[in-house]
Amino acid sequence: MSAVVVLGVSRSGTTLLKAMLDAHSKLAIPTESYFVPQLWDRHGERPNRDELLEDLSRLERIRQWGVEPPEPTFAEAIDAIYRSYAEGHGKSRYGDKTPLYMQRLDVLPRAFPEARYVHIVRDGRDASLSMLAMRRKPRFNLSRPRGVGDFACAWQREIRDARRFGLTHPYLELRYEDLVAEPEARLRDVCEFLGLDFEPGMLEYHRREDPALYADHPRLAQPPVRDARSWRKEMHDEDAELFEAIAGDLLTELGYERAHPAPGRSARAAAERAAYTARLGVWRTALPLVRKSPAWRLRQVYIRRG
């Protein structure tokens, strides 16, 4: 039973695609997990059984899923958790949708051997508008973008990383704009790639979703909406120019029209790239160390109380 992993930069339509796939009678995809890289950083491939079980018992997300912690190797533990979730929903296959994993693609094959990856890509300028409009702001996380320039850096880096990852793993790339314009046709493509029969009920996902559970995804209670965000109408021209100065080459490569084919602001773009790269480097160095320390356990207590 191969897992289905939805890849995508934050605010690129991953939740919409997850809702459509989860509406399939054979596929269950839970809420964003977050814990896979955490467990890998703490335990590696061959975890100590008692220590792993103790950590699994601390994870609020697993309790929310109604899953009992298993015993095992790292991959066996992840498989048992997701398999139990799928079986609890009467389905035979499972998947994951956690945009944060775009920053830890190296862990995914260790967690989900033989997985198939669907990467949804959205115009980064629209995605950045969606990010800035979020009501729930991310908790302390140095890797999370703080503005348009930050987002452009993250968008370019994560998409390029995912496309390289796709050269050596079963991978399908899908444009968000195509999915909302032709949902049935594009879902048929996805189902064929995943070895599933298309089901019309996948287009009725919005009848199953409670928008109250998704504070920043109110449109999940509606059929797909084209132009949910329009950078041409909503984005300040100087922000569009900055985004294109940083990530314009990738916009062109992906077939997105540009407002500034030869943008200025090169000094600002270079500064944004340098600042984001430095901050990300610090975060990636510090995070595994923090996760192996007692601070990780205190964090789980904080999440549970919250």
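A brief structural summary. (Residues numbered from 1 in each chain as written. Predicted model: local features only at pLDDT ≥ 70, side-chain atom pairs only at ≥ 80, totals over all residues. Heavy atoms only, no water.)

**Quick look at the overall build of the protein chain**
Definition in use: Each helix is a run of H or I in the DSSP string that is no shorter than four residues. Each strand is a run of E no shorter than two, and both are numbered from the N terminus. With the radius of gyration taken over C-alpha atoms, the globule rule is written as 2.2 Å times the number of residues to the power 0.38. Burial status follows relative accessibility: with a 1.4 Å probe on protein chains alone, a residue under 20% of its type maximum counts as buried, one over 50% as exposed, and anything between as partly exposed. Pairs of residues are marked as contacts when any of their non-hydrogen atoms sit within 4.5 Å. Each accessible area is a Shrake-Rupley result for a 1.4 Å probe, and residues are judged covered by the shown protein chains and nothing else. Under this rule, positive means Lys or Arg and negative means Asp or Glu; His and the chain ends count for nothing. Charged side chains are reduced to one point each, which is NZ for Lys, CZ for Arg, CG for Asp and CD for Glu.
Secondary structure summary: the protein chain contains 14 helices and five strands in total. The globule rule puts the C-alpha radius of gyration for 306 residues at 19 Å, and the 19 Å found for the protein chain is close to it. Reported as C-alpha extents along the three principal axes, the dimensions of the protein chain are approximately 55 × 45 × 40 Å. In the protein chain, buried positions account for 52% of the 306 residues. Of all intrachain contacts in the protein chain linking residues separated by at least 6 positions in sequence, the fraction that spans at least 24 positions is 75%. Accessible surface for the protein chain amounts to roughly 14400 Å². Of this, 50% is attributable to carbon and sulfur atoms. Averaging the coordinates of the 50 positive side-chain charges in the protein chain and doing the same for the 46 negative ones gives two points 4 Å apart.

**Re helix α8 (residues 148-165)**
One full turn of an α-helix is made of 3.6 residues, so residues set three or four places apart face in the same direction. This is how it is decided: How far a helix is expected to stretch is found by multiplying one less than its residue total by 1.5 Å.
Taking 1.5 Å per residue as the helical rise, α8 with its 18 residues ought to reach 26 Å, and the 25 Å between its terminal C-alpha atoms agrees with that figure. Most of α8 is tucked away: 13 of the 18 residues are buried.

**Observations regarding the packing of α8 against helix α13 (residues 266-291)**
How we decide: Comment: axis = line fitted to C-alpha atoms, over the contacting stretch for helices; angle = value between 0 and 180 degrees taken between N-to-C directions. Reported orientations rely on four angle classes, namely roughly parallel under 35 degrees, roughly antiparallel over 145, roughly perpendicular from 65 to 115, and oblique for the rest. Note: crossing handedness is left-handed where the near helix turns anticlockwise from the far helix by less than a right angle, and right-handed where it turns clockwise. Side-chain classes are defined by residue name, with Ala, Val, Leu, Ile, Met, Phe, Trp, Tyr, Cys and Pro counting as nonpolar, Asp, Glu, Lys and Arg as charged, and the others, Gly among them, as polar.
For the pair α8 and α13, the least separation of the axes is 9 Å and the interaxial angle reads 65°. Between α8 and α13, the angle is such that the two are roughly perpendicular. Along this stretch, α8 crosses α13, giving a crossing that reads as right-handed. Where α8 abuts α13, its residues Gly149, Asp150, Cys153, Ala154, Gln156, Arg157 and Glu158 lie against Glu272, Arg273, Tyr276, Thr277, Arg279 and Leu280. A per-class count over the contact of α8 with α13 returns four nonpolar, three polar and six charged.

**Notes on the nonpolar core**
As a reminder of what qualifies: Side-chain atoms within 4.5 Å are what join buried Ala, Val, Leu, Ile, Met, Phe, Trp, Tyr and Cys residues into a set we call a nonpolar core.
The biggest cluster of nonpolar side chains holds 59 residues, and the ones touching the most others in it are Leu7, Phe35, Val36, Ile78, Tyr82, Phe112 and Trp155. At nine residues, α8 tops the list of elements feeding residues into this core. Not counting residues within four places of it along the chain, the set of residues in contact with Val36 comprises Phe74, Ile78, Tyr82, Tyr101, Val107, Ala111 and Phe112. The next biggest cluster of nonpolar side chains, apart from the first, holds 26 residues, and it includes Met20, Ile29, Val190 and Tyr205.

**Looking at the sheet that holds strand β4 (residues 116-121)**
Sheets are built from strands that pair by backbone hydrogen bonding, the pairs being arranged parallel or antiparallel. For clarity, the threshold we go by: By the convention used here, strands pair only if DSSP detects at least 2 bridges between them.
Ordered in space as β2-β3-β1-β4-β5, the five strands form an open sheet in which the pairing is parallel. The strands lining the two open edges of the sheet, one partner per strand, are β2 (27-28) and β5 (171-175). Strand direction decides the pairing type here: strand β1 (residues 4-7) and β4, joined by four bridges, are parallel. Following the sheet pairing, Val6 is matched in β4 by Val118.

**Considerations on the pairing of β4**
Consecutive residues of a regular strand have side chains that alternate between opposite faces of the sheet. Most of β4 is tucked away: five of the six residues are buried. Where β4 meets β5, five bridges bridge the pair, whose relative direction is parallel. Bridge pairing links Val118 to Leu172 in β5.

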